[in-house]
Amino acid sequence: MPPSPTIPLTPLSQLRISKHLIPAHNLLPNSSLTSKPLLIYHAAFSPSQQQHQQHPNPSPDAIESHLLGVGVVTPQWRYTMYDTTHFHSTAHEVLCVAAGRAKLCFGGELNPGRVEPVVKGGDVIVVPAGVAHRLLEDMDPDPFLMVGSYPNGQNWDMCYGKTDGEYDADSVKALPWFTRDPIYGDQGPVLSV
């Protein structure tokens, strides 16, 4: 049984999901170490019509409360996305968009296999360790805001893909994947990749 949501969720049967295995490029490992795809849950947090008129985006407080209720990840920050390409080698990352709309880049801007989605409030992005990411463009008058979370027991680092030996590939490969979905609990997209 999924946890009772603190904000409405799009039913799993109606959730649109994008999956992207991103090839390594130069010193950016991307999906090559974990073999797990970048996942985007489009409009996972879906306010009702009445709520949408008053608050079209989920509040950061409600997102954090929901994540803590599911109990898979720990929310650690509220911010936009850095505009410098970076990745994490010691943790997977769950990004919940609370406000605004932005064009992001996953995989490195020079990587022919990169992905450049436009995301908006209510979207959730699961970024496997090693997948490079950065903000390309904030596209809304409202500032782009996300809640950044990491699996319980994993501590994130910052890697930039500029020097050899910046991370331990074996440690990235050994990072445990999710056993429950960070948004949907006992069912959900992370469990089928």
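Computed from a prediction, not measured in an experiment: that's the story for all the values here.

Next up on the list: the overall build of the chain. Along the backbone of the chain there are three helices and nine strands. Overall, the chain shows an N-to-C arrangement of helices and strands of β-β-α-α-β-β-β-β-β-β-β-α. Over its C-alpha atoms the chain spans a radius of gyration of 16 Å, differing by no more than 12% from the 16 Å that the globule rule assigns to 193 residues. Taking the principal axes of its C-alpha atoms as reference, the chain extends roughly 50 × 35 × 25 Å. In the chain, which comprises 193 residues, the proportion classed as buried is 50%.

Below, the discussion takes up the sheet that holds strand S8 (residues 133-138). Taken together, three strands build an open sheet; the order of strands is S6-S5-S8 and the sheet is antiparallel. At either margin of the open sheet sits one strand with a lone partner, and together these are strand S6 (118-120) and S8. On average, each strand axis in the sheet is tilted by 40° relative to the strand beside it, whichever way the strands run. Pairing between strand S5 (residues 101-106) and S8: five bridges, direction antiparallel. The partner of Ala102 across the bridge, within S8, is Asp138.

With that out of the way, let us pick up the environment of Leu145. Inspection of the secondary structure assignment puts Leu145 in strand S9 (residues 145-151). Along the sequence, Leu145 and Ala99 sit 46 residues apart, while their C-alpha atoms lie 5.1 Å from each other.

What follows is about the pairing of strand S7 (residues 124-127). The side-chain alternation of S7 yields two buried faces, one formed by Val124 and Val126 and the other by Ile125 and Val127. Pairing between strand S2 (residues 38-42) and S7: three bridges, direction antiparallel. Paired with Tyr41 across the bridge in S7 is Val124. By the bridge criterion, four bridges tie strand S4 (residues 93-99) to S7 in an arrangement that is antiparallel. Residue pairing for S7: Leu95 is matched across the bridge by Ile125.

Taken as a whole, this structure holds zero disulfides when the rule is applied. With no disulfide of its own, Cys105 lies 17 Å from the sulfur of Cys159, the closest cysteine sulfur.

Let us now look at the UniProt feature "domain: Cupin type-1" (unreviewed entry) in the chain. UniProt feature "domain: Cupin type-1" (unreviewed entry): in the numbering of this structure it lies at residues 86-134. This span, residues 86-134, is 0% helix and 45% strand, and a straight line between its end C-alpha atoms measures 7 Å.

Moving on to the pattern of salt bridges. Scanning the model with the defined rule gives six salt bridges in all. Taking the shortest distance from any N to any O, the salt bridge between Arg78 and Asp61 comes out at 2.4 Å. Linking Arg78 in strand S3 (residues 73-79) with Asp61 in helix H2 (residues 60-70), this pair joins segments that are 17 residues apart in sequence. Residue Arg78 is joined to Glu64 by a salt bridge in which the shortest nitrogen-to-oxygen separation is 2.8 Å.

Note that an α-helix has 3.6 residues per turn; residues three or four places apart therefore point the same way. Of all the residues in H2, the buried ones are Pro60, Ala62, Ile63, Glu64, His66, Leu67 and Val70. In this fold, the buried residues of H2 make contact with S3, S4 and S9. Phi turns positive one or two residues past the end of H2, at Gly71, with a value near 85°.

Quick notes on the rules
Every chain's residues receive numbers from 1 upward, in the order its sequence appears when written. Two thresholds apply to this predicted model, a pLDDT of at least 70 for residue-level local features and 80 or more for giving and counting side-chain atom pairs, whereas whole-chain, interface and lining totals are computed over all residues. Based on all heavy atoms of the structure, the side-chain values leave hydrogens and waters out of the count. Counting from the N terminus, the helices are the DSSP runs of H or I reaching at least four residues and the strands are the DSSP runs of E reaching at least two. The reference for a compact globule is 2.2 Å times residues^0.38; the radius of gyration itself is calculated from the C-alpha atoms. Buried means the residue's accessible area, taken with a 1.4 Å probe over protein chains only, is under 20% of the maximum for its type, while exposed means over 50%, and partly exposed covers the values in between. A pair of strands counts as paired when DSSP detects no fewer than two bridges linking them. Convention adopted: a line fitted to C-alpha atoms gives each axis, helices being fitted over their contacting stretch, and angles between N-to-C directions are expressed from 0 to 180 degrees. In plain terms, two cysteine sulfur atoms within 2.5 Å form what is called a disulfide here. UniProt positions are given in the numbering used here, feature names are shortened, and annotations may be inferred rather than shown by experiment. The working definition used for a salt bridge is a side-chain nitrogen of Lys or Arg within 4 Å of a carboxyl oxygen of Asp or Glu. It only takes one pair of heavy atoms within 4.5 Å for two residues to be counted as in contact.

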